[in-house]
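# Observations on the model geometry
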Amino acid sequence: MSKPKQRPDASRPTSRRSFLRSGLALGGAVGAGAFAGRAAAETSDAKNLPPNVPEWSQSLGDGVVSRPYGRPSKFEADVVRRDVEWLTASRQSSVSFTPLHRLEGIITPNGLGFERHHGGIAEIDPAAHRLMIHGLVEKPLMLTLEDVKRFPRVNRIAFLECAANSGMEWKGAQLNGCQFTHGMIHCVMYTGVPLKRLLEEAGLKTNAKWLLPEGADASAMTRSVPIEKALDDAIVAYAMNGEALYPEHGYPLRLVLPGWQGNMWVKWLRRIEVGDEPWHTREETSKYTALLPDGQARRFTWAMDAKSVITDPSPQAPLHRKGFTVLSGLAWSGRGAIRSVDVSLDGGRNWRAARLDGPVLDKVLTRFYYEFDWNGDPLLLQSRAVDETGYVQPTKAALRQHRGLNSIYHNNGIQTWHVLPNGEIENVEVA
């Protein structure tokens, strides 16, 4: 499966196979598990194929309530979040990745949404949890979860993307799989209370300009949030996809800031301080800033720019046969809805319009498709998103020319997948 590494030139796609060759460096679970589902479908036991009566039709199955909380089929056991163990010093301050290549539609199941923790998962007793709102307010509040639920509620679908999503790719193609290059994102429907409503209850003073939300986890995560966002579309959420937040997603309360970088969506929310200036905390000074080539730092870069990725075919979802092929992917923008997506089969030389399918909503993942006949020739697959502001997703070269190589944040450059004649696919870059 491995081939000798070739020296890059201007006409040949380049990849860093030493980091990940078809996912094998991430451990056997990634190398074998990523392909297990499709392989099993093609090697089914012949005795269960027509015209035979399959074994599951010959006896009764489990009864109701044998599975009080539903779970996927055992044949989908490889569809899970995964981590890159060598990426961080510990799993308490680390990330796991959404299996984008195995998902359909735009809604991420609660159990598959990526995780990003700075002090591990906080297991909070909701009866002992409080949300405090204080600082530059007329009436400080101390709210229980039930108090929060008594306020008028809203439902909002939104994507959440870590600012470091695709961060390993800044200096070149690294991780061989869209789960690992783009999987620090998920999209769910949140239920909660508009933050504006809670602040109105507390009564903002005239010099209130900023908020400092704080989490109840061991890291006591804090970020400065401008009052304009808080009074716009921010939500204090207690449910996702119709059920209570999962612990890894901030149970019992989390902040939702549609379109903005995920680090600001403080989980396990316990306190909101109102002030007149930003706090310049660790997570917005030494972290979540980007050093530019001229020595200045980009900071307070909250909105996530338009971005897209082809999820299938991709390195973890190779092509198995020639002929009619459905290309599928996701596009999103923190500045509004996606207006269009283009797809290239030849590394950006020619572009074709993809088909957007399903709801196309503000600051929500958008599913796109492109159908074509594959004749077995090598391909260089790319997608390019355009949002409703007219912003066009840039190439990685254009992004680096503007921002340099000293960042891991806000990488929304165009991704390239190299399809080999045997159907295997690699993460590459094209000159």
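This text follows the structure it describes.
Predicted model, so just to flag it, every value in this text is computed and none were measured. (Residues numbered from 1 in each chain as written. Predicted model: local features only at pLDDT ≥ 70, side-chain atom pairs only at ≥ 80, totals over all residues. Heavy atoms only, no water.)

Bringing the nonpolar core into the picture now. Judged by nonpolar contacts, the single largest core of 59 residues is most densely connected at Leu131, Leu195 and Leu211. Ranked by residue count, the leading element in this core is strand E9 (residues 235-240), at 6 residues. In terms of nonpolar packing, the next biggest core, distinct from the first, is built from 32 residues, Cys178, Cys187, Met304 and Val309 among them. (Core = buried A, V, L, I, M, F, W, Y, C linked by side-chain atoms within 4.5 Å. Buried < 20%, exposed > 50% of the residue type's maximum accessible area, 1.4 Å probe, protein only. Helix = DSSP H or I, 4+ residues; strand = E, 2+ residues; numbered from the N terminus.)

A separate point is the sheet that holds strand E22 (residues 416-419). Spatially, E18-E17-E21-E22-E23 is the arrangement adopted by the 5 strands of the open sheet, whose pairing is antiparallel. Single-partner strands in this sheet number two, and they are strand E18 (352-353) and strand E23 (425-428). Alignment of strand E21 (residues 379-387) against E22, held across 4 bridges, turns out to be antiparallel. Within E22, the residue paired with Leu380 across the bridge is His418. (Pairing = 2+ DSSP bridges.)

Looking at where Ser219 falls in the secondary structure, it is placed in the loop between strand E7 (210-215) and strand E8 (225-226). Along the primary structure Ser219 and Ser93 are separated by 126 residues, whereas in three dimensions their C-alpha atoms are 9.1 Å apart. Aside from chain neighbours lying at most four places away, what touches Ser219 is His118 and Gly119. Reaching out from Ser219, the side chain makes a polar contact with the side chain of Asp217 at a distance of 2.6 Å. (Contact = heavy atoms within 4.5 Å. Polar contact = N/O pair within 3.5 Å; in protein donor to acceptor, adjacent residues only side chain to side chain.)

Bringing the packing of aromatic side chains into the picture now. The tally for this structure, following the rule as stated, stands at 8 aromatic pairs. Through a chain of ring-to-ring contacts, three or more aromatic side chains come together here, namely Trp210, Trp260, Phe300 and Trp302. Lying over the aromatic face of Trp351, Arg384 brings its terminal NZ or CZ to 4.1 Å of the ring centre. (Phe/Tyr/Trp six-rings, centres within 6.5 Å; stacked < 30°, edge-to-face > 60°. Lys NZ or Arg CZ within 6 Å of the ring centre and 35° of its normal.)

Worth remembering: the numbers are spatial, not functional.
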